[in-house]
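As a plain string of letters, each chain reads:
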Amino acid sequence: PYLFDSPISLSMSGSNYARRFEDWDEQRLGGRVALGYQWVQRDLNAQLTYRGENVNIVDTIDDTLPEYAEMLGDNTLHGFGIRLINDTRDSPFLATEGYYLDLRLEQVVGSFTYARAEFEGKTYFLLRERPDHTGRHVMVLQTRLGFTGSNTPSYDRFYAGGIGFRGFDFRGASPVRTTVGNLTAEIGGDFMWLNTAEYMFPITADDMINGVVFCAFGTVEESVEIEDFRVAPGVGLRIQVPAMGPAPIALDFAWPIADADTDERQVFTFNVGVLR
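Description of the structure in this document. These numbers come from a predicted model, not from an experiment.

## A look at the overall build of the protein
Across its full length, the protein carries one helix and 16 strands. Compactness check: the protein gives a C-alpha radius of gyration of 20 Å against a globular reference of 19 Å for 276 residues, within 12% of the reference. A principal-axis box enclosing the C-alpha atoms of the protein has dimensions of 65 × 50 × 35 Å. When the 276 residues of the protein are sorted by exposure, 43% land in the buried category. At a minimum sequence separation of 6, the contacts of the protein that also span at least 24 residues come to 57%. Carbon and sulfur atoms form 59% of the exposed surface of the protein, whose accessible area is close to 14,000 Å².

Take a look at the structure:
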């Protein structure tokens, strides 16, 4: 994060992976570069970013679906962007104080041309604690907002579900199309607004096990509108294992009380190393 002992940061990564989603198979080969400057006293980081990928889409459940037909085969992706981060949290894992703001703006060119914007905000309120600063009760408010151009292919659109939106299956709370045979095909959305309000409290005296009560709400839509608003309250546990360091095990149960007819529900969600 400190290139040549300066406040300039440099990060580079490369990846080559294949994923088999329910509706298509996807292979990506690419890399990312970010060059940034840090204002340490203000907890502020600004970055210039680039991502380049070759995205190969095969074996869709319906090749005649327009959203799938346009992205079949090899696709090139070049994304040029800026990112601003303001992070005052006391820890990236189970934070109890501070806030986190992350704004990303990107212009993508290649097989498809579109602009993309994402914002994430989290704030943490310490409600009470013991005199030795253990046994903390914390309220967390989180929001994620995303916009992408109408020319965005389905492999780069927004989806909701799983650990990112508890109460729904992975990508299970997203726009769909009806295909041949009355199957539903996930196509993703151009607009995303997801929120969580969560209260965390200690269960054991050593803070190894914490309980959470939360409510997830929001939507992913084909355009900038709110048509199918989802709400899923729930409860969970955060278990810290010393051998795993600060990364907790997250066990959550959520029950949707408002959803779309085509959504896929999922009561139990499990994750390791959940960031809060």
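Don't stop here, the text continues.
## Some points on unusual backbone geometry
Located in the positive-phi region is Phe 4, a residue other than glycine, with phi close to 55 degrees. Along the chain, Phe 4 falls in the segment before strand 1 (8-20). Positive phi, close to 50 degrees, is recorded for Leu 94, a residue that is not glycine. Structurally, the position occupied by Leu 94 is in the loop between strand 4 (73-87) and strand 5 (98-110).

## Some points on a nonpolar patch on the surface
Together, Val 213, Val 235, Met 244, Phe 253, Trp 255, Val 267, Phe 268, Phe 270 and Val 272 line one region of the surface with nonpolar side chains, adding up to about 780 Å² of accessible area. Sorting elements by how many residues they give to the nonpolar patch places strand 16 (residues 268-272) first, with three residues. As for its position among the elements, Val 267 is in the loop between strand 15 (265-266) and strand 16. Given a relative accessible area of 38%, Val 267 falls into the partly exposed group.

## With respect to the sheet that holds strand 2 (residues 25-39)
Pairing is antiparallel across the open sheet formed by 12 strands, whose spatial order is 1-2-3-4-5-6-7-11-12-13-14-16. Each edge of the open sheet carries a strand with a single partner, namely strand 1 and strand 16. In this sheet, adjacent strand axes meet at a mean angle of 15 degrees when their direction is disregarded. Summarising the sheet, strand 7 (residues 137-148) and strand 11 (residues 191-202) pair through 10 bridges and their orientation is antiparallel. Each residue of the ladder has a partner; that of Val 140, found in strand 11, is Glu 198.

## Examining the nonpolar core
Counting residues in hydrophobic clusters, the biggest one holds 19 residues, and the most contacted among them are Ala 160, Phe 165, Leu 194 and Val 220. Those elements that provide at least two residues to this core are strand 7, strand 11 and strand 12 (209-221). The greatest single-element share of this core, amounting to four residues, is contributed by strand 12. Once you skip the residues sitting within four places of it in the chain, Val 220 turns out to touch Phe 158, Tyr 159, Ala 160, Ala 173, Pro 175, Gly 189, Phe 191, Met 192, Leu 194 and Arg 230.

## A word on the packing of aromatic side chains
In the structure shown here, the tally under the stated rule is 12 aromatic pairs. Each ring, one from Phe 112 and one from Tyr 155, has its centre 6.4 Å from the other, and the planes form 75 degrees; the classification is edge-to-face. Of this pair, Phe 112 sits in the loop between strand 5 and strand 6 (114-128) while Tyr 155 sits in the loop between strand 7 and strand 8 (167-168), and the two are 43 residues apart along the sequence. For the pair Phe 112 and Tyr 155, a shared accessibility class is recorded, and that class is buried. Ring plane angle 45 degrees and centroid distance 6.3 Å describe the contact between Phe 217 and Phe 229, whose orientation is recorded as tilted.

## Brief notes about the pairing of strand 14 (residues 248-254)
Along strand 14, five of the seven residues are buried, which leaves the element largely enclosed by surrounding structure. Relative to strand 14, strand 13 (residues 230-240) runs antiparallel, the two sharing seven bridges. Across the sheet, Val 235 pairs through a bridge with Phe 253, a residue of strand 14. Bridge analysis of strand 14 against strand 16 gives five bridges, and the strand direction is antiparallel. The residue bridging Ala 250 from the neighbouring strand is Asn 271, located in strand 16.

## Side note on the side chain of Asp 156
Tracing the sequence through the fold places Asp 156 in the loop between strand 7 and strand 8. Note on Asp 156: relative accessible area 7%, which makes it buried.

## A look at the side chain of Ser 6
With respect to the secondary-structure elements, Ser 6 resides in the segment before strand 1. Looking at Ser 6, the relative accessible area reads 19%, which means it is buried. A polar contact of 2.5 Å, which involves the side chain of Ser 6, links it to the backbone oxygen of Leu 3.

The rules behind the values
Residues numbered from 1 in each chain as written. Predicted model: local features only at pLDDT ≥ 70, side-chain atom pairs only at ≥ 80, totals over all residues. Heavy atoms only, no water. Helix = DSSP H or I, 4+ residues; strand = E, 2+ residues; numbered from the N terminus. Rg over C-alpha atoms; globule rule 2.2 N^0.38 Å. Buried < 20%, exposed > 50% of the residue type's maximum accessible area, 1.4 Å probe, protein only. Contact = heavy atoms within 4.5 Å. Areas by Shrake-Rupley, 256 points an atom, 1.4 Å probe, with all protein chains shown as cover. Patch = residues over 30% accessible without salt bridge, like charges linked within 9 Å, V, L, I, M, F, W, Y side chains within 5 Å. Salt bridge = Lys/Arg side-chain N within 4 Å of Asp/Glu carboxyl O. Pairing = 2+ DSSP bridges. Axes fitted to C-alpha atoms, helices over the stretch in contact; angles between N-to-C directions. Core = buried A, V, L, I, M, F, W, Y, C linked by side-chain atoms within 4.5 Å. Phe/Tyr/Trp six-rings, centres within 6.5 Å; stacked < 30°, edge-to-face > 60°. Polar contact = N/O pair within 3.5 Å; in protein donor to acceptor, adjacent residues only side chain to side chain.

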